[in-house]
Amino acid sequence: MMTNQDVVVSEMGIAAGAALPGPGPALLACRGAAAGAMSLRQTYLDLAAAAARSTASCNWVDAMRASSPTRSRAADADEFTAWMRKHPSALGKFEQIASASKGKKIIMFLDYDGTLSPIVADPDAAYMSDAMKEAVRDVAKHFPTAIVSGRCCDKVRYFIGLSELYYAGSHGMDIQGPSSNPESVLCQPASEFLPMIDEVYKVLVEKTKSTPGAKVENNKFCLSVHFRCVDEKRWNALAEQVKAVINDYPKLKLSQGRKVLEIRPSIMWDKGKALEFLLESLGFANCSDVFPVYIGDDRTDEDAFKVLRKRCQGLGILVSKCPKETNASYSLQDPNEVMDFLLRLVEWKRRSSSPMIIRPRV
Ligand SMILES: O=P(O)(O)OC[C@H]1O[C@H](O[C@H]2O[C@H](CO)[C@@H](O)[C@H](O)[C@H]2O)[C@H](O)[C@@H](O)[C@@H]1O
C-alpha cells in the first residue's frame, strides 16, 4: 500500500537541474561513511564475504533465472492477478498516486536497464528510445531527477545524454550532479577499491574467455559478469569460476541481477543509501513534504524500495511482467509503461500548476 505521510507544505526543494551547494552534510556523511565502513571492515566485510562464499553457485544461478523469467505461463494467471492486487499498476492507480503527492515535492529516481531501456542481449547496445529520452527530459524540467544504475556513470550518462540529471552509477557508489565536470562528483564511498576492481576485471576477463557468450563489464566501482548469451548448461560452471575468483578477494561480494552476476565492494552502500544521500544533498533530509518516486526492475532496486517503505515516504514502482517478491508498492509492466507513467506525471503537473482561467460572462 501507499507509504505516504500527512505533512505541512514548505518550499525547500531545489529546481531540477540546479547546481547543488558545495560539499554539504551529506557529502561529509558520505566521506564519514566511507571511512567508517573501512574501519569496520574486519567485522562486517568478512562476514558478508563468508556468507557469499558459502552460498552454492547453483543458488546464484537459480536466483538469476527467477529474476529474469523468459515467459509467463497461462497457468500462472491466478498468481499474477493476486500479485497485481498487492502491487497494482501505477498507471491504473495514477489518480491515487497523484493525490498522495499533492502539496509535496516529487523527486524522481529512475533505474536504467529494464526501466528506461528494454533488456537486450548486448549490454553495450542498451539504447533508450528518443521518445523515452524526451519523456525523461520533460520529467526533469518539473521534478529533480536522478538516474540510479549499476552501470558506471560515464556509460549511463552517454546512453541517456541528458546533462541536467543527477547520476548515481555503480549501484550508487558514484554519485554525480548535473554536468560531468569534476566538481559534479558528490560521493564515491568505494574509491579505494578502484585498483582492486581493475585487477579483478582483468582476472575475470581472462578466466571467462573460454566460455562462449560470457562478457565481463567494468562498471568502475563494480563489475558485471553477463550470462545472457551463455548456454544455460554452462551457467553453473561460469558461476563457479566467478566465485573462485572472488574467493581470493574477501573484501568483495557477489550479488545477482538479471542474467548477470555483480561483484562489488563489501561496504554498506547500495541504491537505497544513494537515494538517501541524494535526498539529503537536495535539502530534503528531514522534510515530510517530499515525495520520492523510485522506479526500477531489478533486485538491486529493492534496497531503494525498502528505504522508502522504512521512511514511510513516497513510493516504489517495480517494472515487471511477472510476479516477484518486492518491497515496491506499485508495478509497471515494461519501459513503455514507464514512459506512459512519466508522461502522465508531467501532464498532471502542468495541469495542476497552470492558473485557472475564469472567463467573464458576456
Ligand atoms: O541498475 P541498472 O541500470 O538496471 O543496471 C543493472 C545492470 O544492467 C545491465 O545489464 C542488464 O541489461 C543488459 C542490457 O539490456 C542485459 O544484456 C543484461 O542481461 C542485464 O543484466 C548492465 O549491463 C549491467 O552492468 C548492470 O549492472
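The structure we're discussing is the one just above.
Here is what the cut-offs are and how they apply
Residues numbered from 1 in each chain as written. Predicted model: local features only at pLDDT ≥ 70, side-chain atom pairs only at ≥ 80, totals over all residues. Near = placed C-beta within 6 Å. Helix = DSSP H or I, 4+ residues; strand = E, 2+ residues; numbered from the N terminus. Nonpolar A, V, L, I, M, F, W, Y, C, P; charged D, E, K, R; others polar. Domains from an automatic or database assignment. Core = buried A, V, L, I, M, F, W, Y, C linked by C-beta atoms within 7 Å. Buried ≥ 20, exposed ≤ 12 C-beta atoms within 10 Å, placed from the backbone. Contact = placed C-beta atoms within 7 Å. Pairing = 2+ DSSP bridges. Axes fitted to C-alpha atoms, helices over the stretch in contact; angles between N-to-C directions.

Attention shifts here to the site of the ligand. The immediate surroundings of the ligand are formed by 24 residues, with Y112, D113, P123, S149 and G150 found nearest. Elements with a contribution of two residues or more to the shell around the ligand: β7 (223–226) and β9 (260–265). Partitioned by chemical class, the residues of the shell around the ligand number 7 nonpolar, 8 polar and 9 charged. Mapping the shell around the ligand onto the domain boundaries places at least three of its residues in each of domain 1 (36–68 + 192–265) and domain 2 (72–181 + 269–351).

Moving on, we get to the nonpolar core. Within the largest apolar cluster, 59 residues are counted, with the highest numbers of intra-cluster contacts made by F109, I147 and L278. Each residue touching F109, except ones within four places of it in the same chain, is listed here: A146, V148, L275, P292, V293, Y294 and A304. Ranked by size, the runner-up nonpolar core spans 28 residues in total, among them C222, V245, I246 and I267.

Pairing is mixed across the open sheet formed by 8 strands, whose spatial order is β5-β4-β3-β2-β1-β10-β11-β12. What marks the edges here is a single partner per strand, and that holds for β5 (185–187) and β12 (330–332). Each neighbouring strand pair of the sheet contributes to a mean axis angle of 25 degrees, computed without reference to strand direction. The pairing of strand β4 (residues 174–176) with β5 spans 2 bridges and is antiparallel. Paired with I175 across the bridge in β5 is C187.

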